[in-house]
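Structural characterization, general
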Amino acid sequence: MSTSTVNSPTVRERLNFRVILAFFAIYVIWGSTFLAIRIAVLLVPPWLCAGIRFFTAGTALFLFARLRGTPGPSLREWRSLAIIGVLMFSVTYGALFWGEQYVPSGITSVLEATLPLFTVLIEVFVLRQQRFRWRVLIALAVGFCGVALMMLKSGPRGFGVFPCMVILGGSLSWSLGAVLTRSLPLPKSRIVTAGAEMMLGGGLLLILSLVTGELHPFPVIPLRAAIALVYLIVAGSLVGFTAFVWLLGRMPASRVASHAYVNPIVAIALGYFVASEEITLRTLLGAGLVVGSVVLTMRDV
């Protein structure tokens with residue numbers, strides 16, 4: 001029996017274990033970040049929270065890659081990184097963190113699940129990068145009907161439409177940034193790219209926090225919010241994103257992107273059991289329509 005035959009099951013088992021851990025990170029950890037955001041923004045100004053998260057995580061990733069000898073971006077690439085950083089981090093998460101002051105974490109996660117839907121809309125109807133298909137249009141219509149159903153305000157614990165629209169606007173900005181990423185010149189290293197984008201986007205959020213008066217006077221960050229922020233930086237951005245990039249290098253993107261319809265399930269469950277967020281039949285029906293629409297859309301494009 002050869003040495004390679006003896007060792008191959010061990011190598012395979014290690015790889016499978018890493019895959020399981022990576023999917024756990026993008027399914028459960030990313031799904032749990034919505035509750036962590038909710039905890040943080042109810043105690044600390046939202047743009048300060050978002051800025052601290054992404055500037056810290058982005059700087060750590062960028063420096064890690066550079067210290068390992070990875071080439072830095074060119075001037076042209078820095079311009080592209082700034083555009084994507086503003087669209088995908090400053091606008092998207094500025095809207096998300098602000099909106100979660102008013103919208104429960106479970107509902108927010110379902111609204112964020114529309115990211116693939118907005119991406120397809122831009123690719124098909126705006127940039128004409130994909131051909132029109134009725135099945136995709138029907139799937140998109142079902143998803144946005146689910147969003148409309150969830151945004152119907154009812155009862156004293158209902159939430160306003162405007163914060164939901166702000167969160168959806170942020171999702172649209174992320175989708176636009178994701179589409180532009182394919183055509184803009186960016187560094188070859190995904191770690192350098194993501195680190196620089198988060199660093200630039202987070203820096204702009206900190207500036208926004210300053211000019212809007214969030215830092216006057218400088219807020220005291222309670223222990224509960226500090227723990228939530230550390231979790232968002234380490235687990236949500238560093239561990240979660242590293243796992244995402246690692247999986248992209250080993251599996252089809254469509255399989256890795258399955259987190260888009262698993263995260264809402266995790267977030268709704270955590271919101272209900274940990275934060276006592278209300279779950280109604282309307283919420284479940286709307287979430288089901290959105291998640292089902294995302295599944296159909298991602299299988300058909």
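In the block above lies the structure referred to throughout.
This report concerns the structure included in the present document. All of these numbers come straight from a predicted model, not from anything done at the bench. (Residues numbered from 1 in each chain as written. Predicted model: local features only at pLDDT ≥ 70, side-chain atom pairs only at ≥ 80, totals over all residues. Heavy atoms only, no water.)

Considering the overall build of the protein
Heads up, the condition is: Secondary structure elements follow DSSP: runs of H or I no shorter than four residues count as helices, runs of E no shorter than two count as strands, and numbering proceeds from the N terminus. Atoms considered for the radius of gyration are the C-alpha atoms alone. The globule rule reads 2.2 Å times the number of residues to the power 0.38. Classification of residues uses two cut-offs on accessible area relative to the type maximum, computed with a 1.4 Å probe and protein chains only: under 20% is buried, over 50% is exposed, and between them is partly exposed. Surface accessibility follows the Shrake-Rupley procedure with a 1.4 Å probe radius. Residue values consider only the protein chains on display as shielding.
From N to C terminus, the protein includes 12 helices and 0 strands. Listing the helices and strands of the protein from first to last along the sequence gives α-α-α-α-α-α-α-α-α-α-α-α. Here the C-alpha atoms of the protein give a radius of gyration of 20 Å, agreeing with the 19 Å that 2.2 N^0.38 yields for 301 residues. Over its C-alpha atoms, taken along the principal directions, the protein stretches across nearly 70 × 50 × 40 Å. Counting all 301 residues of the protein, 49% fall into the buried class. When the accessible surface of the protein is summed, it comes to about 15000 Å², and 69% of that surface belongs to carbon and sulfur atoms.

Thoughts on the packing of helix 2 (residues 46-67) against helix 3 (residues 75-99)
Note the cut-off: Fitted lines through C-alpha atoms serve as axes, helices being fitted only where they are in contact, and the angles separating the N-to-C directions of these axes extend from 0 to 180 degrees. For a crossing to be left-handed, the near helix must be turned anticlockwise from the far one by less than a right angle; the clockwise case is right-handed. Whether two residues are in contact is decided by their heavy atoms: any pair within 4.5 Å suffices.
The N-to-C vectors of helix 2 and helix 3 enclose an angle of 145°; their axes lie 9 Å apart at closest approach. The handedness of the crossing between helix 2 and helix 3 is right-handed. Facing Pro46, Trp47, Cys49, Ala50, Arg53, Phe54 and Phe62 of helix 2, the residues of helix 3 in contact are Trp78, Phe89, Tyr93, Gly94, Phe97 and Trp98.

Looking at the side chain of Ser209
Secondary-structure assignment places Ser209 in helix 8 (residues 190-211). The exposure class of Ser209 is buried, given its relative accessible area of 0%.

So, the pattern of salt bridges
Where charged atoms of side chains with opposite charge meet at close range, the side chains can pair. How we decide: Any carboxyl oxygen of Asp or Glu that lies within 4 Å of a side-chain nitrogen of Lys or Arg is treated as forming a salt bridge with it.
One pass over the structure, following the stated rule, counts 1 salt bridge. Arg182 is the salt-bridge partner of Glu123, the closest N and O atoms lying 2.1 Å from each other. Placement of the pair is Glu123 in helix 5 (residues 115-126) and Arg182 in the loop between helix 7 (161-181) and helix 8, with a sequence separation of 59 residues.

With respect to the packing of helix 5 against helix 7
Applicable threshold: Roughly parallel means an angle under 35 degrees; roughly antiparallel means over 145; roughly perpendicular covers 65 to 115; every other angle is labelled oblique. We call Asp, Glu, Lys and Arg charged. Ala, Val, Leu, Ile, Met, Phe, Trp, Tyr, Cys and Pro are nonpolar, and the rest, Gly among them, are polar.
Two numbers describe how helix 5 lies on helix 7: the axes approach to 8 Å, and their chain directions differ by 55°. One way to sum up the angle between helix 5 and helix 7 is to call them oblique. The hand of the helix 5/helix 7 crossing is right-handed. Residue-level contacts link Leu115, Phe118, Thr119, Ile122 and Glu123 of helix 5 to Leu168, Ser171, Leu172, Trp174, Ser175, Leu176 and Val179 of helix 7. Of the residues belonging to the contact of helix 5 with helix 7, the class tally is 8 nonpolar, 3 polar and 1 charged.

Digging into the nonpolar core
Rules: Among the buried residues, those of types Ala, Val, Leu, Ile, Met, Phe, Trp, Tyr and Cys that are joined through side-chain atoms within 4.5 Å form a nonpolar core.
Residues Ile26, Phe97, Leu111 and Leu247 are the most contacted members of the largest nonpolar core, which totals 67 residues. Top contributing element to this core by residue count: helix 1 (residues 3-41), with 12 residues. Not counting chain neighbours up to four residues away, the residues in contact with Leu247 comprise Val19, Ala22, Phe23, Ile26 and Val256. Phe62, Ala65, Leu186 and Met199 belong to the second largest nonpolar core, which has 7 residues in total.

Observations regarding helix 8
To keep it simple, the criterion reads: One less than the number of residues in a helix, times 1.5 Å, gives the span that helix is expected to have. Between N or O atoms, a polar contact is any pair within 3.5 Å; within protein, one atom must be a potential hydrogen donor and the other a potential acceptor, and residues adjacent in sequence are included only when both atoms are from side chains.
The end-to-end C-alpha distance of helix 8 is 32 Å, a good match for the 32 Å that 22 residues give at a rise of 1.5 Å each. At the N-terminal boundary of helix 8, the capping side chain belongs to Ser189, with an oxygen 3.4 Å from the backbone nitrogen of Ile191. Phi for Gly213, located one or two positions after helix 8, is positive at around 90°.

Quick notes on the packing of aromatic side chains
Applied cut-off: Under the pairing criterion, centres of Phe, Tyr and Trp rings, with the six-membered ring standing for Trp, must be within 6.5 Å; the plane angle then separates stacked pairs below 30 degrees from edge-to-face pairs above 60, leaving the rest tilted.
Applying the stated rule across the entire model yields 14 aromatic pairs. Taken together, the aromatic side chains of Phe54, Phe89, Tyr93, Phe97 and Trp174 make up a single cluster linked through ring pairs.

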